[in-house]
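What the coordinates show
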Amino acid sequence: MQNEQITPDQTGSDDKGARRAVTVFPVLVLVAGVAGLVTPGTFAGWTESVPYLLGVVMFCMGLTMTPLDFKGVARRPWAVAIGLVAHYVIMPGLGWIIAHLLGLPPQLAAGLILVGCAPSGTASNVVTFLARGDVALSVSVATVSTLVAPLVTPPLTLLLAGEYLPVDAGSMITDILKTVLLPVLGGLVVRLVFGRLVDRVLGVMPWLSSLAVAAIVCAVVAGSASMIKSAALTVLLAVVLHNGLGLALGYAAGKAARLGRPASRAMAFEVGMQNSGLAASLATAHFSPLAALPAAVFSVWHNISGALVAAWMAHRSRRDDDVAPSAGRTQDSTASAATGSA
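Residues numbered from 1 in each chain as written. Predicted model: local features only at pLDDT ≥ 70, side-chain atom pairs only at ≥ 80, totals over all residues. Heavy atoms only, no water.

Another point: helix H2 (residues 50-63). Residues that lie three or four places apart on an α-helix share one face, since the helix turns once every 3.6 residues. The end-to-end C-alpha separation of H2 is 20 Å, in line with the 20 Å expected for 14 residues at 1.5 Å each. Of all the residues in H2, the buried ones are Val50, Leu53, Leu54, Gly55, Val57, Met58, Cys60, Met61, Gly62 and Leu63. Taken together, the buried residues of H2 touch helix H7 (135-147), helix H9 (169-193), helix H10 (195-201), helix H11 (205-223) and helix H14 (276-286). (Helix = DSSP H or I, 4+ residues; strand = E, 2+ residues; numbered from the N terminus. Expected span 1.5 Å × (residues − 1). Buried < 20%, exposed > 50% of the residue type's maximum accessible area, 1.4 Å probe, protein only. Contact = heavy atoms within 4.5 Å.)

Given below as structure tokens:
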């Protein structure tokens, strides 16, 4: 998207940084979850700080955004629209179906559906990069899905989770505006005004976001530690199914729309990876800490599965790249032989 050339060394450095992020982040979140489970009393009162921690995550996201992200939307509105519709149809629908099939209790069912109604995950762009997918499309879909979340997430939650628990959609809209949209826009404004200063500390932003998400998971797990043991396996099964089917159907949506392999890889992660921090914050504020448990488990699992799927996709992409030149050389040799015999 930029005119600057990227050297192989720079690409290698970016790749190492991305791999480090998707490796360390799940471990960090997992450790935080274990800490909240083992010593819940240590983190008593942290639940009230969850919306503020989410605000930190979204502000960091805003700091990483540039006008180029919005130009990417304008260049390919059709592809972005497909990604947006796929995201807000597939994941909410899967959450509702899985909750019914597994017979989840109302609190957990509402929490799982809320995860599905959240916008794209903040790590989806990094994982798309590792998968050798269309990063520009990934960034565009993630940006738009986050910006429209106040208008889409509450009514979807009311429609699908309202049968389990009362949903105050109006209050939820206000919370998303305060904890998502305003911090993102604030970060974007700061980036535009103090661009050079922000560029110097940009590398710290992913780690600050990781720490904030880890703190959210710790608070959520500590708040429902007494009930986790009885529900842990069921929640894990629900989350694995939700995320796995989301990745597969997201990729299938890209293929069905004939967007090409790199774009289909991006679609897989934009559909299957959710902003589980937002889901945890909304579940805690509007339902209960137990309802936030699916979001906490999702925070760990979708980064692990995303990294594994990205590694598999990258391997297949490299293999295809190796096969293509070989096929080309074979065709050239055949043509030369035919020319010589003629």
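Now, onward.
Turning next to the side chain of Thr284. For Thr284, the location among the structural elements is in helix H14. In this structure Thr284 comes out as buried when scored by relative accessible area, which is 16%. Residues in contact with Thr284, not counting those within four places in the same chain, are Thr47, Val220 and Ala292.

At Arg132, a position not held by glycine, the phi torsion is positive, near 60°. The topology assignment puts Arg132 in the loop between helix H6 (124-130) and H7. You can call Arg132 partly exposed: its relative accessible area is 34%. Here the phi dihedral of Arg258 falls at roughly 55°; this positive angle occurs in a residue that is not glycine. Arg258 sits in the exposed class, given a relative accessible area of 79%.

This part covers the packing of aromatic side chains. Given two aromatic rings, one states the distance between the centres and the angle between the planes to describe the pair. Counted under the stated rule, the structure contains one aromatic pair. Residues Phe43 and Trp46 carry aromatic rings whose centres are separated by 4.8 Å and whose planes lie at 80° to one another, so their mutual orientation is edge-to-face. (Phe/Tyr/Trp six-rings, centres within 6.5 Å; stacked < 30°, edge-to-face > 60°.)

The relative placement of two packed helices is expressed as an angle between their axes plus a distance between the axes. Contact geometry for H2 and H11: axes closest at 9 Å, N-to-C directions at 160°. One finds that H2 runs roughly antiparallel with respect to H11. Note that H2 runs across H11; the crossing there is left-handed. On H11, the residues that touch Val50, Leu53, Leu54, Val56, Val57, Cys60 and Leu63 of H2 are Met205, Leu208, Ser209, Ala212, Val213, Ala215, Ile216 and Ala219. For the contact of H2 with H11, a count of residues per class yields 14 nonpolar, one polar and no charged. (Axes fitted to C-alpha atoms, helices over the stretch in contact; angles between N-to-C directions. Parallel < 35°, antiparallel > 145°, perpendicular 65-115°, else oblique. Left-handed = near helix turned anticlockwise from the far one by under 90°. Nonpolar A, V, L, I, M, F, W, Y, C, P; charged D, E, K, R; others polar.)

Now for the confidence of the model for the chain. With 87% of its residues at a pLDDT of 70 or more, the chain shows a mean pLDDT of 84. Per-element confidence in the chain is highest for helix H5 (residues 106-117), whose mean pLDDT is 96, and lowest for helix H1 (residues 8-38), whose mean pLDDT is 69. Note that pLDDT drops below 50 for residues 1-11; the model gives that stretch eight contacts with residues more than four away or on any other chain. Across residues 333-342, where pLDDT falls below 50, the model places zero contacts with residues more than four positions away in sequence or in other chains. (pLDDT = per-residue confidence, 0-100.)

For the rest of this paragraph, the subject is the packing of helix H3 (residues 67-75) against H7. Where H3 meets H7, the closest approach of the two axes is 9 Å, and the angle between their N-to-C directions is 100°. Classified by the angle their axes make, H3 and H7 are roughly perpendicular. Mapping the contact onto sequence places Asp69, Phe70, Gly72 and Val73 in H3 and Val139, Ser140, Thr143, Val144 and Leu147 in H7. Considering only residue class, the contact of H3 with H7 consists of five nonpolar, three polar and one charged.

With that out of the way, let us pick up a nonpolar patch on the surface. Together, Trp96, Ile97, Leu101, Leu102, Leu237, Leu241, Leu245 and Leu249 make up an exposed nonpolar region whose accessible area comes to about 680 Å². At the level of elements, helix H4 (77-102) and helix H12 (225-256) are the ones that each hand at least two residues to the nonpolar patch. Topologically, Leu241 is positioned in helix H12. The class for Leu241 is partly exposed, based on a relative accessible area of 34%. (Patch = residues over 30% accessible without salt bridge, like charges linked within 9 Å, V, L, I, M, F, W, Y side chains within 5 Å. Areas by Shrake-Rupley, 256 points an atom, 1.4 Å probe, with all protein chains shown as cover. Salt bridge = Lys/Arg side-chain N within 4 Å of Asp/Glu carboxyl O.)

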